[in-house]
Each structure stands twice: as structure tokens, then as C-alpha cells.
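For reference, the chains in residue letters:
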Amino acid sequence: MQIRKTTPADLAAVMKIYRDAQDFMKLHGNPGQWGTFYPTEELVKDDIAAGISCVCVDGNTIAAVFVFKTGADETYARIYDGAWLNDERYGVVHRIASAHSVKGAAAFCIDWAFEQCGNVRIDTHADNIPMQHLLAKLGFMRCGIIHTYDGTSRYAFQKTK
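Residues numbered from 1 in each chain as written. Predicted model: local features only at pLDDT ≥ 70, side-chain atom pairs only at ≥ 80, totals over all residues. Heavy atoms only, no water.

## Re the side chain of His94
Note the threshold: Helix numbering and strand numbering both begin at the N terminus, where a helix is a DSSP run of H or I of at least 4 residues and a strand a DSSP run of E of at least 2. Under the rule applied, a polar contact is a pair of N or O atoms within 3.5 Å (in protein, one hydrogen donor and one hydrogen acceptor; residues adjacent in sequence only if both atoms are side-chain atoms). Here, two residues are considered to be in contact whenever any of their heavy atoms come within 4.5 Å of each other.
Within the secondary structure layout, His94 lies in strand E4 (residues 91-98). At a separation of 2.8 Å, a polar atom in the side chain of His94 contacts the side chain of Asp73. For His94, the contacting residues outside a window of four places in its chain are Phe66, Val67, Lys69, Asp73, Tyr76 and Asp123.

As C-alpha cells, this is what we get:
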């Protein structure tokens, strides 16, 4: 597997992965995190244009999609019921979803992000138990609670070298 920037030509495959992820979340007790509307195609196009959307490719198949960027993230400016592990420059993973046809793609993406900067923050919904288990397996520590742009709360995680 390898990671590359998402291109406009990838949009249909990426949106299918996100729709499948919405269905997976509903089936696994997490109907509220993305519902049937998030992320929107417009948001994904914006991520691609900004150069922060990445795909994990296995052969000719897009196995996963995620946003990765480094530097301060407004969503993580305040943390409640805990504290970040450090205040050093960090990378952020947002909107990660995998095609379930390729085993280990999400872990590969998160590991890749960590290799880029050695200090990564990520968040997930309280009901997203599969993601919480994956983050624990990959060595992330739960640091507290953050609030997203729409005010909803998420569990915040961080991994450092």
C-alpha cells in the first residue's frame, strides 16, 4: 500500500468509501457521527483543492481516504476533561474511512501520518468503538474531549514519539 494526494479523478471512489463508512457506522452503533450527509462532496473537493486529502492505494484500488495536515488545528485549541500530551507541532488526521475490502488500510494510513511528524492528534465520536479500539491498538492515548466546528463533542487522542 502507498499514500498519495487525492486527485479530482478519485472523487467518485472516495465518495463511495465515505457512503460505505456511513453505512458501517450505522450498523455498528454509531449512526450520529456522519449520518448520511458527512462529509459532503463539496467538502471533499475543498480538501482535494487544499492538498490535504490523501488516499491509500493498494494496487489500482483506493483502499482508504483521509485528511492529513500539520500545524495548529482550531478544533484542538481547547480540550476538556484532560490535556494534550504536549504542545509541540503536530499532525492531524480527519475524516478517515476505509474500503473494507483491504484489511489494515486505516491502520496503514494512521501509521503513515505518524511517520510524517511523530506527533499526531485525532478525534472520534464516543459511539465509534471500532475507531477507539484501532487508536488504542496503534498506541494513541485518550487525552480528553474536544468540540467540533458544529459544537458536538469528540474523544481526543494523541500519539507522540
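## Quick notes on the pattern of salt bridges
For the record, the criterion: The rule for a salt bridge is simple: a side-chain nitrogen of Lys or Arg has to be within 4 Å of a carboxyl oxygen of Asp or Glu. Burial classification: accessible surface area is computed with a 1.4 Å probe over protein chains only, and a residue below 20% of its type maximum counts as buried, one above 50% as exposed, and the rest as partly exposed.
This structure, assessed with the given rule, holds 6 salt bridges. A salt bridge links Asp47 to Arg95; its shortest N-O distance comes to 2.9 Å. Of this pair, Asp47 sits in helix H2 (residues 41-50) while Arg95 is found in strand E4, placing the two residues 48 residues apart along the sequence. Residue Arg95 is classed as buried on the basis of its relative accessible area of 16%. Here Lys69 and Asp73 are joined by a salt bridge, their closest N and O atoms 3.5 Å apart.

## Some remarks on the packing of helix H3 (residues 105-117) against helix H4 (residues 129-137)
Heads up, the condition is: Only C-alpha atoms enter the line fits that serve as axes; for helices the fit covers just the stretch in contact. Angles between N-to-C directions range over 0 to 180 degrees. For this classification, under 35 degrees means roughly parallel, over 145 means roughly antiparallel, 65 to 115 means roughly perpendicular, and everything else is oblique. For any pair of crossing helices, the crossing counts as left-handed if the nearer helix is rotated counterclockwise from the farther one by less than a right angle, and right-handed if it is rotated clockwise. As a working rule, the residues Ala, Val, Leu, Ile, Met, Phe, Trp, Tyr, Cys and Pro are called nonpolar, Asp, Glu, Lys and Arg charged, and the rest polar, with Gly in that last group.
Look at H3 against H4: their axes get within 11 Å of each other, and the N-to-C directions meet at 50°. Here H3 is positioned oblique relative to H4, judged by the angle of their axes. In the crossing of H3 with H4, the sense of the turn from one axis to the other is right-handed. Residues Ala106, Ala107 and Ile110 of H3 form the contact with H4, whose participating residues are Met131, Leu134 and Leu135. Tallied by class, the residues present in the contact of H3 with H4 amount to 6 nonpolar, no polar and no charged.

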